[in-house]
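Given next are the chains, with one letter for each unit.
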Amino acid sequence: MKLLLGKVLIETDHIETVEKVSEDTVKIIFVSGNVLDVHCSVKSKASAVWNQTADGLIQTIQNTDYPKLQSGN
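Residues numbered from 1 in each chain as written. Predicted model: local features only at pLDDT ≥ 70, side-chain atom pairs only at ≥ 80, totals over all residues. Heavy atoms only, no water.

### A closer look at the side chain of T25
Consideration 1: Residue placement: T25 occurs in strand β4 (residues 25-30).
Consideration 2: Accessibility expressed as a relative area gives 17% for T25, which makes it buried.
Consideration 3: Apart from residues no more than four positions distant in its own chain, T25 is found in contact with E19, K20, V38, H39 and A54. (Helix = DSSP H or I, 4+ residues; strand = E, 2+ residues; numbered from the N terminus. Buried < 20%, exposed > 50% of the residue type's maximum accessible area, 1.4 Å probe, protein only. Contact = heavy atoms within 4.5 Å.)

This is how it looks when you write it as structure tokens:
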């Protein structure tokens, strides 16, 4: 599944782990080793943003078709 996070389009099949860093930040680690910090539910000029809470983003990713995803709450 593809997911648009602000100006960043990601493929959820390439996600290795998701970690909630704070109430407003989620760290997505891809199998390639790349890391994406997503700013949630706050106004931000960052490229990767999500208009819901960090927990909402994690839940959305967990509900995709990628069964190996582990949440680092």
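Now that the structure has been shown, we can carry on.
### Points about the environment of L4
Consideration 1: In this structure, L4 sits in strand β1 (residues 2-5).
Consideration 2: Sequence separation between L4 and A48 is 44 residues, and the spatial gap between their C-alpha atoms is 8.5 Å.
Consideration 3: Apart from the residues lying within four places of it in its own chain, the contact partners of L4 are L9 and W50.

### Looking at the nonpolar core
As a rule of thumb, soluble globular proteins bury nonpolar side chains together.
Consideration 1: Ranked by internal contacts, the top residues of the largest apolar core, which has 17 residues, are L5, I10, V26, I28, L36, V38 and L57.
Consideration 2: Of all the elements in the fold, those that place two or more residues in this core are β1, β3 (15-22), β4, β5 (35-40) and α1 (54-62).
Consideration 3: The biggest single contributor to this core is α1, with four residues.
Consideration 4: Once you skip the residues sitting within four places of it in the chain, I10 turns out to touch M1, K2, L3, L5, I15, I28, F30 and L36. (Core = buried A, V, L, I, M, F, W, Y, C linked by side-chain atoms within 4.5 Å.)

### Observations concerning the environment of V35
Consideration 1: In this structure, V35 sits in strand β5.
Consideration 2: With 18 residues separating them in the primary sequence, V35 and T17 have C-alpha atoms 9.7 Å apart.
Consideration 3: Apart from the residues within four sequence positions on either side, V35 is in contact with K27, I28 and I29.

### A look at unusual backbone geometry
Consideration 1: The residue S41 is not glycine, and still its phi comes out positive at about 50°.
Consideration 2: When you line up the elements, S41 lands in the loop between β5 and β6 (49-50).

### With respect to the pattern of salt bridges
Consideration 1: Scanning all chains against the criterion turns up two salt bridges.
Consideration 2: One salt bridge in this structure joins K20 and E23, with 3.4 Å as the shortest N-O distance.
Consideration 3: Classification of E23 by relative accessible area gives exposed; the value is 56%.
Consideration 4: Linking D55 and K20 is a salt bridge whose minimum nitrogen-to-oxygen distance equals 2.9 Å. (Salt bridge = Lys/Arg side-chain N within 4 Å of Asp/Glu carboxyl O.)

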